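# Secondary and tertiary structure notes
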Amino acid sequence: MNLHMNPNPYRPGGTVYGSLLNFRREHALWAPRMHEAPYKAPPAAPVLYIKTANTFTPSGRAITLPNGVSEVEVAASLGLVAGEGGRVAGAVLFNDVSIPHQSYYRPPVKFRCVDGFLGVGDAVQPVTDLGELAAVVLELRVDGVMRQRTALADLVRDAATLWSDVNAFQSMRPGDVLMVGTDCLDDGSRPRVKAGDSVEITATGFAPLINHFIEEQA
Amino acid sequence: MKRARIAWAGAVHDAVESDGQLELLTPAFQGRRVGFDEVVWLPPLAPLDRPRTVLALGLNYADHAKELAFKAPEEPLAFVKGEASLIGHQAFTVRPDGVNFMHYECELAVVIGKPAKRVKKADALRYVAGYTVANDYAIRDYLENWYRPNLKVKNRDTCTPLGPWLVDAADVPDPQALALRTTVNGQLTQQGHTKDMIFDVATLIEYFSGFMTLMPGDLILTGTPDGVVDCQPGDVVVTEIDGIGALANSITAEQRGSDPDSGQ
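All of these numbers come straight from a predicted model, not from anything done at the bench.

Once that is clear, we can look at the interface of chain A and chain B. Between chain A and chain B, the residue contacts involve 46 residues of the former and 32 residues of the latter. Across the contact surface, chain A and chain B share three salt bridges. A salt bridge links Glu216 of chain A to Arg118 of chain B; its shortest N-O distance comes to 2.6 Å. The interface formed by chain A and chain B includes 20 residue pairs in polar contact (both at pLDDT 80 or more). Every element with two or more residues in the side of chain A that touches chain B is listed here: strand 1 (16-20), strand 2 (47-51) and helix 2 (109-112) of chain A. Ranked by the residues each element gives to the side of chain A that touches chain B, the list is headed by strand 2 of chain A, at four residues. Partitioned by chemical class, the residues of the side of chain A that touches chain B number 28 nonpolar, ten polar and eight charged.

Before going further, it helps to examine the nonpolar core. Judged by nonpolar contacts, the single largest core of 92 residues is most densely connected at Phe208 and Ile220 of chain B. Once residues lying within four places of it in the same chain are set aside, the contact partners of Phe208 of chain B are Leu55, Leu57, Ala78, Leu214 and Ile220 of chain B.

What follows covers the sheet that holds strand 14 (residues 198-202) of chain A. Residue and element names in this part refer to chain A. An order of 4-15-14-10-11 is seen for the five strands of this open sheet, with the pairing classed as mixed. Single-partner strands in this sheet number two, and they are strand 4 (63-65) and strand 11 (145-151). Sheet twist, expressed as the average angle between the axes of neighbouring strands with direction ignored, equals 20°. Where strand 10 (residues 137-142) meets strand 14, four bridges bridge the pair, whose relative direction is antiparallel. Bridge pairing links Glu139 to Thr202 in strand 14.

What follows deals with the sheet that holds strand 9 (residues 91-95) of chain B. Residue and element names in this part refer to chain B. Read from one edge to the other, the open sheet built from five strands follows the order 9-19-18-15-16, with strand pairing classed as mixed. Across the chains shown, the open sheet's two edge strands, defined by having one partner strand only, are strand 9 and strand 16 (187-193). On average, each strand axis in the sheet is tilted by 25° relative to the strand beside it, whichever way the strands run. Here five bridges tie strand 9 to strand 19 (residues 245-253), and the two strands are oriented parallel to one another. In the sheet register, Ala91 faces strand 19, and the bridge partner there is Asn249.

Turning our eyes to something else, we now look at the pairing of strand 16 of chain B. Across six bridges, the pairing between strand 15 (residues 179-184) of chain B and strand 16 of chain B is antiparallel. When the bridges of strand 16 of chain B are listed, Leu180 of chain B appears paired with Gly192 of chain B.

This brings us to the packing of aromatic side chains. Tallied over the full model, the rule gives 13 aromatic pairs over all chains. Aromatic pair Trp30 of chain A and Trp146 of chain B: ring centres 5.8 Å apart, planes at 70°, arrangement edge-to-face. In this pair, Trp30 of chain A sits in helix 1 (residues 24-30) while Trp146 of chain B sits in the loop between strand 13 (138-139) and helix 2 (151-154), so the two residues belong to two different chains. Each member of the pair, Trp30 of chain A together with Trp146 of chain B, is buried. Plain terms: the ring middles of Tyr207 of chain B and Phe208 of chain B are 5.3 Å apart, the flat faces sit at 70° to each other, and that makes the pair edge-to-face. One aromatic cluster is present, built from ring pairs that chain together Trp30, Tyr39, Tyr49 and Tyr104 of chain A together with Trp146 and Tyr147 of chain B. The ring of Trp30 of chain A carries the charged tip of Arg33 of chain A above its face, separated from the ring centre by 4.0 Å.

Time to look at the confidence of the model for chain B. Taken as a whole, chain B shows an average pLDDT of 94; of its residues, 93% reach a score of 70 or greater. Scoring the predicted complex yields pTM 0.95 and, for the interface, ipTM 0.95.

Our next topic: the pattern of salt bridges. Residue and element names in this part refer to chain B. Tallied over the full model, the rule gives 25 salt bridges over all chains. Among the ionic pairs, Asp123 bridges to Arg126, the shortest N-O distance being 2.9 Å. It is possible to trace a salt-bridge network through shared partners that takes in Lys81, Glu105, Asp136 and Lys154.

All names here are of chain B. The buried fraction of strand 15 amounts to five of the six residues, a majority that puts the element mostly inside the structure. In textbook terms, the turn of a hairpin is the stretch between consecutive antiparallel strands, and for strand 15 and strand 16 this stretch comprises two residues, one of which, Asn185, has a positive phi near 50°. With five bridges connecting them, strand 15 and strand 18 (residues 236-241) associate as antiparallel partners. Its bridge partner lying in strand 18, Leu180 is registered against Ile241.

All names here are of chain A. The complete set of buried residues in helix 3 (residues 159-167) reads Ala159, Leu162, Trp163 and Val166. The buried residues of helix 3 occupy an angular sector of 100° when projected down its axis, which confines them to one face. Looking at the buried positions of helix 3, the neighbouring elements they touch are strand 1, strand 2, strand 6 (76-82), strand 7 (88-96) and strand 12 (177-179).

Attention shifts here to unusual backbone geometry. Outside of glycine, negative phi angles account for most residues, and trans bonds account for most peptide bonds. In this structure, Pro38 of chain A follows Ala37 of chain A across a cis peptide bond, with omega equal to 0°. With respect to the helices and strands, the residue Pro38 of chain A is situated in the loop between helix 1 and strand 2. Located in the positive-phi region is Asp143 of chain A, a residue other than glycine, with phi close to 50°. Here Asp143 of chain A is to be found in the loop between strand 10 and strand 11. Assessed through its relative accessible area of 46%, Asp143 of chain A is described here as partly exposed. With a phi close to 50°, Asn185 of chain B is a non-glycine residue in the positive phi region. Tracing the backbone shows Asn185 of chain B in the loop between strand 15 and strand 16.

All names here are of chain A. Mapping Cys184 onto the fold places it in the loop between strand 12 and strand 13 (192-193). Overall, Cys184 belongs to the buried group, its relative accessible area being 1%. Along the backbone, Cys184 and Ala75 are 109 residues apart, and their C-alpha atoms lie at a distance of 8.2 Å. Not counting residues within four places of it along the chain, the set of residues in contact with Cys184 comprises Arg25, Glu26, Leu29, Gln148, Ser189 and Arg190.

Rules behind the numbers
Residues numbered from 1 in each chain as written. Chains lettered and ligands numbered in written order. Predicted model: local features only at pLDDT ≥ 70, side-chain atom pairs only at ≥ 80, totals over all residues. Heavy atoms only, no water. Contact = heavy atoms within 4.5 Å. Salt bridge = Lys/Arg side-chain N within 4 Å of Asp/Glu carboxyl O. Polar contact = N/O pair within 3.5 Å; in protein donor to acceptor, adjacent residues only side chain to side chain. Helix = DSSP H or I, 4+ residues; strand = E, 2+ residues; numbered from the N terminus. Nonpolar A, V, L, I, M, F, W, Y, C, P; charged D, E, K, R; others polar. Core = buried A, V, L, I, M, F, W, Y, C linked by side-chain atoms within 4.5 Å. Buried < 20%, exposed > 50% of the residue type's maximum accessible area, 1.4 Å probe, protein only. Pairing = 2+ DSSP bridges. Axes fitted to C-alpha atoms, helices over the stretch in contact; angles between N-to-C directions. Phe/Tyr/Trp six-rings, centres within 6.5 Å; stacked < 30°, edge-to-face > 60°. Lys NZ or Arg CZ within 6 Å of the ring centre and 35° of its normal. pLDDT = per-residue confidence, 0-100. Arc of directions from axis to C-beta.

Here it is, written out as structure tokens:
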């Protein structure tokens, strides 16, 4: 059933999940702290969060920085879109925006579920073999300047493993989306943008995802 | 008015409570009444054309916060759930094999009635469509300290019964004046009162709507008081809130290919 993939432009028809600490670089940077309080142990299950429907922003539309927020983190991710029968039907680009936060202890609702904080690619690309996604490289540019290249070959759990581990406890229904995660830069941070910046996320075979950032009108 | 969403005679219907029966609103069956035991109860929510936002609270009763050995939070401890975890009244919830502590959580659930953005506490209750009962099961074996409570604890299939009724907000003059209780196999195990919420319904709407626009049909599960106990396959768990409803649920074992109530 393509009902969940075909609106033009695409918008998620189900719950959108994000994955934390699923790139080797960030996982390795965090590893020395993972046994310390409050974490006390490395994560065993996939660490997930939800991007609520109020965050969805189509490509080409502006993302508003709320009053009092001067900078936000932007991050390229690939979302796996569930089809029928628990299978992945396709993949789509996302710009997973968040207010910078240092702690991963409590759920990040106020940092990640702000109105507009998820740029959504225009079209879902059909996927028949999850293994092929390891070749995908996401590029993130701010005002045309390359800021980050994210290779899905660097995932901790590759797409197939992540999909399987998540579906073991929560079934992904048709239209639900599982983002594979976002990588950090070498120093553990993520690219930051402010009002006036434009962010473009691209990957071979996908339509570019472009969102510009604006100040909230008083 | 108490509203329900049910499956009956091969289709899904909206219904209202009438003299101890369900009165169907479906045009073809307008006015027909069916018994509570003749239907399959679904979560009492109309479908949406977008993913439903399901917000939930941890540690929102002073006594439960104490029970779990945490100090009361200074701001709401909020997390988000997927709609796929919701099931209706008189349904089955699966207890995974090999876990040691799976407990219910009786919670007042708020259903938003109109778009709410930066709503002030004094106006907040005007944005509520109604109230229902949620049982926000948790499996503590899976608790990890990464975005805690993590989704493997809180977002499992079948682990969020909701219902039976959506009670119109107009019929609930004060959501902070409701007694809650849970029984397991008829034995009282949990008691509380919504006056003991750390962050009351109006405060929660103000908090969430401060950074996210709440939309009609979105849910806020407002947390649970103390008195949570382990539940085993075969247990019948009834979470009840005065004036809102009594939500029954049965625990079943993780048995594939067998009758769901054979967990006895």
